[in-house]
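Fold and geometry: a report
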Amino acid sequence: MAMVETARGPVDTESLGTTLMHEHVFVLNEEIRVNYPAGWDEDDRVDDAILKLNALAKRGCQTIADPTVIGLGRDIGRIIRVADGTSLNIIVATGLYTYDDVPFYFRYRGPRSGGLDPMAQLFIDDLTAGIAGTQVKAAFLKCAIDEPGMTPGVERVLRAVCQAHAETGAPVTVHTHPGSCTGRAVLEVLRAENADLSKVVLGHSGDSTDLDYLSELADAGCLLGMDRFGLDLITSFEDRVATVAAMCERGYADRMVLSHDAACHIDWFPAEVIPRFAPAWHFEHLFDDVLPALRERGVTEPQIQTMLVDNPRRYFSGN
Ligand SMILES: [Zn+2]
């Protein structure tokens, strides 16, 4: 029986069910929140998150993978409180989110030549011992590359993620910027580090409509994160749906996962602007709009099951 760690402890991967592979409970600038707490009520926010996740569970979703790591305001105590209020499984991550430099904390704690990056050791501890003194273990690794490309900081984090992946077998999710085809640069490092590409989600691939680029990454063995449904400002709803349908037609249903990259609460934007610039950017958009549209375009129930259930289960099932 393959088990996966969640915020409520280990569960059988067979019971993960419908899984959204990239959703955040909270995305916060923690240092800002601590110093400028106006507008933040901890209990209200936890209650609100529970409400939203329970509403998602009612739609038939049983699990979310939450890639909130250092740089995005991870606070495991807050996640445990939320997890206690919902039946939904919350799978938590370790890693580091940056588009350019590493945080100053790591600048003078560098890897000795050829050795394990101290950053990787922290990731390994989160995966094997528990996060911040709790019993909750991370079950996947997360890092990012964006428009600036493979900067020295981004490469250091990716290589540290690969070290932790090699040590523990934990799967990996990389935030990519398909507009500049950064998936290729990621692939190059993953291959150099001998990563198991079947355990890698190239996140935000669904921002792209370039079927050849997507096929190339899928042919390499990676999973494509078609995971920003609702962020229609970047790529339209029609294009996102048409791309998934076309990739299914090309035979890649077993290489895609679906999600929104939404959050119960994100402090990057004033709360009132989100409904204006992204009215469909919420956890239920997939069930309300995306799945019906995919069915209309000929995507079959077995293909939907593959993307929502089988691929996530395989990703979290070890080797
Ligand atoms: Zn995200």
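Everything quoted here is computed from the prediction, not taken from an experiment. (Residues numbered from 1 in each chain as written. Predicted model: local features only at pLDDT ≥ 70, side-chain atom pairs only at ≥ 80, totals over all residues. Heavy atoms only, no water.)

The next subject is the overall build of the protein chain. On a plain count of helices and strands, the protein chain comes out with 12 helices and 12 strands. Radius of gyration (C-alpha) of the protein chain: 18 Å, near the 20 Å computed for a compact globule of 319 residues. Taken along the three principal axes of its C-alpha coordinates, the protein chain extends 55 × 45 × 40 Å. Here the protein chain holds 319 residues, and 55% of them are scored as buried. Intrachain contacts of the protein chain at a sequence separation of at least 6 include 77% that bridge at least 24 residues. Roughly 13400 Å² of accessible area belongs to the protein chain as shown, and the carbon and sulfur atoms make up 50% of that amount. (Helix = DSSP H or I, 4+ residues; strand = E, 2+ residues; numbered from the N terminus. Rg over C-alpha atoms; globule rule 2.2 N^0.38 Å. Buried < 20%, exposed > 50% of the residue type's maximum accessible area, 1.4 Å probe, protein only. Contact = heavy atoms within 4.5 Å. Areas by Shrake-Rupley, 256 points an atom, 1.4 Å probe, with all protein chains shown as cover.)

Every protein donor of the zinc ion is listed here as H22 (NE2), H24 (NE2) and D261 (OD), and their distances to the metal cover 2.1 to 2.2 Å. Here the donor residues of the zinc ion are spaced in sequence according to H-x1-H-x236-D. In this pair, H22 is assigned in the loop between β3 (19-20) and β4 (24-27) and D261 in the loop between β11 (256-258) and β12 (263-266), connecting sequence segments 239 residues apart. For the residue pair H22 and D261, the accessibility class agrees, reading buried in each case. (Donors = N, O, S within 2.8 Å, 3.2 Å for Na, K, Ca; no water.)

Let's shift gears to empty space enclosed by the protein. All chains considered together, the criterion is met by 1 cavity of 30 Å³ or more. The volume enclosed by the largest cavity comes to roughly 80 Å³. For the largest cavity, the full set of lining residues is F26, D66, T68, G73, R74, D75, I76, R78, I79, V92 and A93. Going through the elements one at a time, α3 (76-84) and β6 (89-95) are the ones with two or more residues in the lining of the largest cavity. Taken together, the residues of the lining of the largest cavity break down into 5 nonpolar, 2 polar and 4 charged. (1 Å grid on protein atoms, 1.4 Å probe; cavity = no way out; pocket = protein on both sides within 12 Å on 5 of 7 lines; lining within 4 Å. Points joined across faces, edges and corners; volume = space filled by probe spheres on them. Nonpolar A, V, L, I, M, F, W, Y, C, P; charged D, E, K, R; others polar.)

Before going further, it helps to spend a moment on the packing of aromatic side chains. Taken as a whole, this structure holds 10 aromatic pairs when the rule is applied. Seen in terms of ring centroids, F26 and W40 are 6.0 Å apart; in terms of plane orientation they differ by 70 degrees. Their pairing is edge-to-face. In this pair, F26 sits in strand β4 while W40 sits in the loop between α1 (30-35) and α2 (42-58), placing the two residues 14 residues apart along the sequence. Taking the relative accessible area as the measure of exposure, W40 reaches 15% and is therefore buried. Put simply, the rings of Y97, Y99, W268, F269, F277 and W281 touch in pairs and so form one group of aromatic residues. For the cation-ring pair, R109 lies above Y105, with the distance from its terminal atom to the ring centre recorded as 3.8 Å. (Phe/Tyr/Trp six-rings, centres within 6.5 Å; stacked < 30°, edge-to-face > 60°. Lys NZ or Arg CZ within 6 Å of the ring centre and 35° of its normal.)

This part is about helix α9 (residues 237-249). Between the first and last C-alpha of α9 there are 18 Å, a value that for 13 residues agrees with the 18 Å anticipated at 1.5 Å per step. Of all the residues in α9, the buried ones are R240, V241, T243, V244, A245, M247 and C248. Next to the buried residues of α9 lie α8 (211-219), β10 (223-226), β11, α11 (285-296) and α12 (301-315). One or two steps after α9, the chain reaches G251, where phi turns positive at roughly 95 degrees. (Expected span 1.5 Å × (residues − 1).)

If you walk through the whole model with that rule in mind, you get 24 salt bridges. Close ionic contact of E155 with R159 constitutes a salt bridge, the shortest N to O distance being 2.9 Å. Placement of the pair is E155 and R159 together in helix α6 (residues 152-168), with a separation of 4 residues, close to one helical turn. R228 is the salt-bridge partner of D207, the closest N and O atoms lying 2.7 Å from each other. Taken together, the positions of D207 in the loop between β9 (200-203) and α8 and R228 in the loop between β10 and α9 put the pair 21 residues apart, joining distant regions of the chain. Note on D207: relative accessible area 14%, which makes it buried. Look at R228 and you get buried, because its relative accessible area is 13%. Connected through salt bridges with shared partners, the residues E30, R33, E42, D75 and R78 form a single ionic network. (Salt bridge = Lys/Arg side-chain N within 4 Å of Asp/Glu carboxyl O.)

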